[in-house]
Amino acid sequence: MRISVFGLGYVGCVSAACLASRGHEVIGVDVNPVKVDLVTGGRAPVVEERIGELTAEMVRSGALRATADVVDAVTNSEISLVCVGTPSAPNGSLSTLYLERVTEQIGRAMAGLGRRHTVVFRSTMLPGTCLETLVPILEKNSGGTAGVDFGVAVNPEFLREGTSVRDFFDPPKTVIGEIDPESGDTVARLYEGLPGEVFRVEVPIAEMTKYADNAFHGLKIGFANELGAVCRALGIDSHRVMDVFLADRKLNVSPAYLRPGFAFGGSCLPKDLRGLVYAAHRADVSVPLLSHVLPSNEEHLKRAFELVVRTGRRRIGLFGLSFKPGTDDLRESPLVELAERLLGKGYDLRIYDANVSVSRLVGANREYIESRLPHLGQLLAGSVDEVLAHADVCLVGCLDPDVLGALESAGDRVVIDLVRLPDAGRRRTERGYVGLAW
């Protein structure tokens, strides 16, 4: 098939390269000329396992190209995947500005096609957004009727940053919210042969599935961390407790996320939890548990900050900054929040993250860090040893092999473990080691 992918962030970039590798002709579209130039040159605009090599291979073969021209993309494709961001306000309300803008442009481009084109939304959005907001925009600007003159579907993604290429080819499920059977058939052909059950459902159900998943994921992280904090106060190893807990598979409890660690973050879980709670409140539905997941996460972040304060030392080395290992995504990273608080209280901070380079940050990722840590370039060190030499307190937020090696020579420095180091069981009895929740 001939496919256009709007938005070359994590979801769009991975979707475009993976679809191209399955034999489709793909056009990536983005308003950011930096991203367009990167893809045109065979380079991925994000740091992600396998995506660099895959993008280069697909561009070289001619299966993937990029442009900022919406008309060119729609005219030369049969289906458009919309993967633009849907940021939320502090109160949880969802911004559909980018979605509406792209939808309007696609609608105008479809007006003169003279053939059926299918628009597929992969962006995360609250139930009702597609049918009540986006479909009317498409109909107004194209002059056609959804489900008759053009197709519409919602196809939420279940890609985890760090393993998104693997997840694309081995999905847990495929969800297709279809406005009509032909639209659903078109989307289903994109994923023919991939494993996992396919759910063809009503559009609002498809919109809701991503929120259901992410709300549960956020809930599991908060649960494990609170339990871990209580166990630490009682002198109990929380991971031993969780070993027993996870042995029971009869109640269908997944081991994913059920390990006490640091606070959760990223561009999905916090935003989608806020959005879901906001929608529930607007509908006068009480959700006390969901309403307290983010405050619980905030308390866990405070625990980490207070552990630093209790040391009485001012020179801090932070190992890790992105919200998830193996990526350069800094949006709503709890480590960024922790760094910001330390700087605000006058701590002397240096940071090491092998995947983060200020010069490589683009789009919303760059905008976010410029608003939170505008002087990041001055704080980032080029090596683990440089940060270790600076620090009296080592804040460990990643499991980078170089970091683990350097910690062997930490000496009398305080080591605050936010991720449970592989040798945490031994270290718990050592002076100077502090585990966040174990």
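Counting restarts for each chain: residues are numbered from 1 in the order of the written sequence. Only residues with pLDDT of at least 70 are given local features in this predicted model, and only at 80 or more are side-chain atom pairs given and counted; all residues enter the totals for whole chains, interfaces and linings. Side-chain numbers here rest on the full set of heavy atoms in the structure, without hydrogens or water.

A tally of regular secondary structure across the chain gives 19 helices and 13 strands. The globule rule puts the C-alpha radius of gyration for 438 residues at 22 Å, and the 23 Å found for the chain is close to it. Taken over the C-alpha atoms alone, the chain extends approximately 75 × 45 × 40 Å along its principal axes. Side chains of the chain carry 48 positive and 56 negative charges; the gap between the two charge centres is 4 Å. Starting at the N terminus, helices and strands are each numbered in turn, a helix being any DSSP run of H or I of at least four residues and a strand any DSSP run of E of at least two. For the radius of gyration, the atom set is restricted to C-alpha positions; the globular benchmark scales as 2.2 Å times the number of residues to the power 0.38. We count Lys and Arg on the positive side and Asp and Glu on the negative side, and we leave His and both chain ends out. Where a charge lies is defined by one atom per residue type: Lys uses NZ, Arg uses CZ, Asp uses CG and Glu uses CD.

This part covers helix H1 (residues 10-21). Each residue after the first adds 1.5 Å to the expected span of a helix. Under the 1.5 Å per step criterion, the end-to-end length of H1 is 17 Å for twelve residues, consistent within 8% with the ideal 16 Å. A simple rule labels every residue: compare its accessible area, found with a 1.4 Å probe on the protein chains alone, to the largest value its type can have, and call it buried under 20%, exposed over 50%, or partly exposed in between. Of all the twelve residues making up H1, ten are buried; the element is thus mostly covered by neighbouring parts of the structure. Along H1, the residues classified as buried are Tyr10, Gly12, Cys13, Val14, Ser15, Ala16, Ala17, Cys18, Leu19 and Ala20. Directly after H1, the chain includes Gly23, whose backbone phi takes a positive value near 100°.

So, on to the pairing of strand S4 (residues 79-82). In S4, alternate side chains face the same way, and those of Ile79 and Leu81 on one face and Ser80 and Val82 on the other are all buried. The pairing of strand S1 (residues 2-6) with S4 spans four bridges and is classified as parallel. Residue pairing for S4: Phe6 is matched across the bridge by Val82. The rule for pairing is simple: two strands pair if DSSP sees at least two bridges between them. One ladder, built from four bridges, connects S4 with strand S5 (residues 118-121); its direction is parallel. When the sheet's bridge partners are listed, Val82 is paired in S5 with Phe121.

As a further point, take the nonpolar core. The biggest cluster of nonpolar side chains holds 53 residues, and the ones touching the most others in it are Phe262, Leu342, Ile351, Leu376, Leu395 and Leu418. Leave out the neighbours within four places in its chain, and Leu395 touches Val308, Ile316, Gly317, Leu318, Phe319, Leu338, Leu342, Ile416 and Leu418. By size, the runner-up hydrophobic cluster in this structure holds 40 residues, among which are Leu99, Val102, Ile106 and Leu113. Residues grouped as a nonpolar core are buried Ala, Val, Leu, Ile, Met, Phe, Trp, Tyr and Cys residues, joined through side-chain atoms within 4.5 Å. Pairs of residues are marked as contacts when any of their non-hydrogen atoms sit within 4.5 Å.

A word on the packing of aromatic side chains. The criterion for an aromatic pair is that two Phe, Tyr or Trp rings (for Trp, the six-membered ring) have centres within 6.5 Å, with stacked assigned to planes under 30 degrees apart, edge-to-face to planes over 60 apart and tilted to the rest. Following the criterion strictly, the structure yields two aromatic pairs and no others. Judged by centre distance (5.4 Å) and plane angle (80°), the ring pair of Phe168 and Phe169 falls under edge-to-face. Its relative accessible area of 24% is what places Phe169 among the partly exposed residues. Put simply, the rings of Phe168, Phe169 and Tyr191 pair up and form one aromatic cluster. Its guanidinium or amino end placed over the ring of Phe158, Lys173 lies 4.2 Å from that ring's centre, counting from NZ or CZ. Criterion for a charge above a ring: Arg CZ or Lys NZ at most 6 Å from the ring centre, at most 35 degrees from the ring normal. The cationic tip of Arg314 hangs over the ring face of Tyr347; the distance from NZ or CZ to the ring centre is 3.9 Å.

Moving on, we get to the UniProt feature "domain: UDP-glucose/GDP-mannose dehydrogenase C-terminal" (unreviewed entry) in the chain. UniProt positions are given in the numbering used here, feature names are shortened, and annotations may be inferred rather than shown by experiment. In the numbering used here, UniProt assigns the feature "domain: UDP-glucose/GDP-mannose dehydrogenase C-terminal" (unreviewed entry) to residues 317-424. Overall, residues 317-424 shows 37% helix and 15% strand. The separation of its end C-alpha atoms is 19 Å.

A word on the packing of helix H9 (residues 203-233) against helix H10 (residues 238-246). Note on geometry: axes are lines fitted to C-alpha atoms, helical ones only across the stretch in contact, with angles between N-to-C directions running from 0 to 180 degrees. At a closest axis distance of 9 Å, the pairing of H9 and H10 adopts a crossing angle of 130°. For the element pair H9 / H10, the angle class is oblique. Between H9 and H10 the crossing geometry is right-handed. Residue-level contacts link Phe223, Leu227, Gly228 and Cys231 of H9 to Ser238, Val241, Met242 and Phe245 of H10. Orientation labels follow simple angle bins: below 35 degrees gives roughly parallel, above 145 gives roughly antiparallel, 65 to 115 gives roughly perpendicular, and whatever is left gives oblique. Crossings are assigned a handedness: left-handed for a near helix turned anticlockwise from the far helix by less than a right angle, right-handed for a clockwise turn.

Attention shifts here to the environment of Gly184. Here Gly184 shows up in helix H8 (residues 181-190). In sequence terms Gly184 and Glu157 are 27 residues apart; their C-alpha atoms lie 15 Å from each other. Those residues in contact with Gly184 that sit more than four places away from it in its chain are Ile176, Glu178 and Arg200.

What follows covers a nonpolar patch on the surface. Taken together, the side chains of Val230, Leu234, Ile236 and Val241 define a hydrophobic patch exposed on the protein surface, amounting to about 330 Å² of accessible area. By the element assignment, Leu234 lies in the loop between H9 and H10. Patch membership is restricted to residues that have no salt bridge and whose relative accessible area is over 30%. Joining uses 9 Å for like charges and 5 Å for the nonpolar side chains Val, Leu, Ile, Met, Phe, Trp and Tyr. Using the Shrake-Rupley algorithm and a 1.4 Å probe, accessible areas are obtained, with residue cover drawn only from the displayed protein chains. For this document, the term salt bridge refers to a Lys or Arg side-chain nitrogen within 4 Å of an Asp or Glu carboxyl oxygen.

Our next topic: the pattern of salt bridges. Per the stated rule, a full pass over the model turns up 31 salt bridges. The salt bridge involving Arg331 is made with Glu161; its shortest N-O contact spans 3.9 Å. Within this pair, whereas Arg331 is found in the loop between strand S9 (315-319) and helix H14 (334-344), its partner Glu161 is found in the loop between strand S6 (151-154) and helix H7 (164-169), the two being separated by 170 residues in sequence. On the basis of relative accessibility, which here comes to 23%, the residue Arg331 falls in the partly exposed class. Several salt bridges share partner residues, and in doing so they unite Glu298, Glu337, Glu340, Arg341 and Arg372 into one network.

Let us now look at the side chain of Thr124. Mapping Thr124 onto the fold places it in the loop between S5 and helix H6 (129-142). Relative accessible area serves as the criterion here: at 11%, Thr124 is assigned to the buried category. The residues contacting Thr124, other than those within four sequence positions of it, are Thr86, Leu94, Lys210, Tyr211, Lys271 and Asp272.

This part takes up helix H11 (residues 269-282). In this model, H11 (14 residues) spans 20 Å end to end at C-alpha, consistent with the 20 Å of a helix rising 1.5 Å per residue. Of the residues making up H11, those classed as buried are Leu269, Pro270, Lys271, Asp272, Leu273, Gly275, Leu276, Val277 and Ala280. In this structure, the buried side of H11 is in contact with H9, helix H12 (288-291) and helix H13 (293-311). Looking at the residues trailing H11, positive phi occurs at Asp284, about 55°.

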